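Residue-level structural notes
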Amino acid sequence: MAAPDIRPATEADLPFVTEIYEHAVRYGTATFELIPPDLTEMTRRFRTLVDGGFPYFVAVVDGKVIGYAYAGPYRPRPAYRFTVENSVYLQPAIHRRGIGLLLLQRLIAECEARGYRQMIAVIGDSANAGSIGVHTKTGFQMIGTHPNVGLKFGRWLDTVMMQRALGEGAGTVPAS
Ligand SMILES: CC(C)(COP(=O)(O)OP(=O)(O)OC[C@H]1O[C@@H](n2cnc3c(N)ncnc32)[C@H](O)[C@@H]1OP(=O)(O)O)[C@@H](O)C(=O)NCCC(=O)NCCS
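Quick summary incoming for the structure in this document. (Residues numbered from 1 in each chain as written. Predicted model: local features only at pLDDT ≥ 70, side-chain atom pairs only at ≥ 80, totals over all residues. Heavy atoms only, no water.)

1. A few points about the pairing of strand E4 (residues 83–90)
Our working definition: Exposure classes here rest on a 1.4 Å probe applied to the protein chains alone. A residue is buried below 20% of its type maximum, exposed above 50%, and partly exposed in between. The numbering of helices and of strands both runs from the N terminus, where a helix is a DSSP run of H or I of at least 4 residues and a strand a run of E of at least 2. In this analysis, strands are considered paired if DSSP registers two or more bridges between them.
The buried fraction of E4 amounts to six of the eight residues, a majority that puts the element mostly inside the structure. Pairing of strand E3 (residues 64–73) with E4, which is carried by seven bridges, proceeds in the antiparallel orientation. Within the sheet, the bridge partner assigned to Ala69 lies in E4 and is Val88. Relative to strand E5 (residues 118–124), E4 runs parallel, the two being bridged by three bridges.

Below is the structure:
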């Protein structure tokens with residue numbers, strides 16, 4: 001497989017993004033959504049993020065989008081404005097080839113460049129070794145587990161909270 005190109009997403013990428021996420025919603029426990037959002041809804045979400053100043057990347061191999069990652073607000077209240085929550089999803093066939101790592105590294109670097117100070121991963125399912133592994137490898141620390149807060153596929157699911165400082169983190173206070 002050729003080396004992936006990690007680049008900012010455009011609306012032309014969203015059909016592929018929608019398809020990748022649809023598989024994760026239908027068959028996976030990383031997301032607690034139960035009904036896959038359609039292209040219109042994914043486009044609405046994309047525009048909200050990009051218009052809000054958040055980065056959104058895709059991984060492209062041989063011209064095909066095979067994964068994506070974005071950051072969004074952690075929580076809406078304004079004191080959280082320097083903290084982002086991240087998402088990263090790949091096509092299932094290309095897991096464990098270093099592409100999630102590349103996407104997450106690029107997302108972290110871009111969030112640092114944009115002045116964000118903390119990144120939080122809310123990982124669906126404490127059995128999600130891939131997500132816990134890639135976040136650990138990119139410097140996230142384990143914060144803790146919310147046990148049994150989700151119900152999907154007829155079973156209770158945990159969320160795992162991981163966190164990483166960005167840039168100067170809490171070492172300084174931003175001017176604005
Ligand atoms: C989570 C995900 C993005 C990881 O991407 P990936 O390309 O498969 O992972 P990488 O190959 O980049 O792995 C990087 C490192 O993470 C760790 N890792 C990845 N998968 C792992 C697994 N299944 N078990 C343990 N560690 C794992 C390893 O340290 C790995 O480095 P190594 O291969 O040199 O040992 C991908 O598996 C995925 O899309 N999963 C389904 C959706 C999901 O869970 N998204 C996260 C939502 S919070």
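Okay, back to it.
2. Description of the site of the ligand
What counts is decided by this rule: We call a residue near a molecule or strand when any one of its heavy atoms sits within 4 Å of it. Throughout this entry, Asp, Glu, Lys and Arg are counted as charged residues, while Ala, Val, Leu, Ile, Met, Phe, Trp, Tyr, Cys and Pro are counted as nonpolar. The remaining residues, Gly among them, count as polar.
Close to the ligand lie 19 residues, the nearest being Val88, Arg96, Gly98, Gly100 and Lys137. Those elements that place two or more of their residues in the shell around the ligand are E4, helix H3 (99–113) and helix H4 (129–137). In terms of residues, the shell around the ligand owes the most to one element, H4, which gives six residues. In the shell around the ligand, the residues fall into nine nonpolar, seven polar and three charged.

3. A closer look at the packing of aromatic side chains
Which entries qualify depends on this criterion: The criterion for an aromatic pair is that two Phe, Tyr or Trp rings (for Trp, the six-membered ring) have centres within 6.5 Å, with stacked assigned to planes under 30 degrees apart, edge-to-face to planes over 60 apart and tilted to the rest.
Counted under the stated rule, the structure contains eight aromatic pairs. Ring plane angle 80 degrees and centroid distance 5.5 Å describe the contact between Tyr74 and Tyr80, whose orientation is recorded as edge-to-face. With a relative accessible area of 23%, Tyr74 lands in the partly exposed category. With relative accessibility at 31%, the residue Tyr80 sits in the partly exposed group. Following the ring pairs from residue to residue traces out a cluster consisting of Tyr21, Phe46, Tyr56, Tyr68, Tyr70 and Tyr89.

4. What about the nonpolar core?
Short version of the rule: Residues enter a nonpolar core if they are buried and are Ala, Val, Leu, Ile, Met, Phe, Trp, Tyr or Cys, with the set joined through side-chain atoms within 4.5 Å. Residue contacts follow a heavy-atom distance rule, with two residues in contact if any of their heavy atoms lie within 4.5 Å.
Within the largest apolar cluster, 43 residues are counted, with the highest numbers of intra-cluster contacts made by Tyr56, Tyr68, Val84, Leu103, Leu107, Cys111 and Met119. The residues touching Leu107, leaving out its near neighbours within four places in the chain, are Pro55, Phe57, Ala69, Tyr70, Ala71, Asn86 and Met119.

5. Considerations on the packing of helix H1 (residues 14–27) against helix H2 (residues 39–51)
When two helices pack together, their arrangement is given by the angle between the helix axes and the distance between those axes. Where we set the bar: In this description, a line fitted to the C-alpha atoms serves as the axis of each element, helices being fitted only across the stretch in contact, and the angle between N-to-C directions of two axes falls anywhere from 0 to 180 degrees. Here the angle decides the label: under 35 degrees means roughly parallel, over 145 means roughly antiparallel, 65 to 115 means roughly perpendicular, and every other value means oblique.
In the contact formed by H1 and H2, the axes pass within 9 Å of each other and the chain directions differ by 110 degrees. Put simply, H1 runs roughly perpendicular to H2. Facing H1, whose interface residues are Leu14, Pro15, Val17, Thr18 and Tyr21, H2 presents Leu39, Met42, Thr43, Arg45 and Phe46. Of the residues that constitute the contact of H1 with H2, the class distribution is seven nonpolar, two polar and one charged.

6. Some details on the sheet that holds E3
Sheets are built from strands that pair by backbone hydrogen bonding, the pairs being arranged parallel or antiparallel. In space, the seven strands of this open sheet follow the order E1-E2-E3-E4-E5-E7-E6, with mixed pairing throughout. With partners counted over all chains shown, the strands left at the sheet margins are strand E1 (5–8) and strand E6 (141–152), one partner each. Pairwise comparison of adjacent strand axes, ignoring direction, gives a mean angle of 25 degrees for this sheet. Judged from the four bridges that link them, E1 and strand E2 (residues 56–61) form a sheet pairing that is antiparallel.

Purely geometric numbers; function is a separate question.
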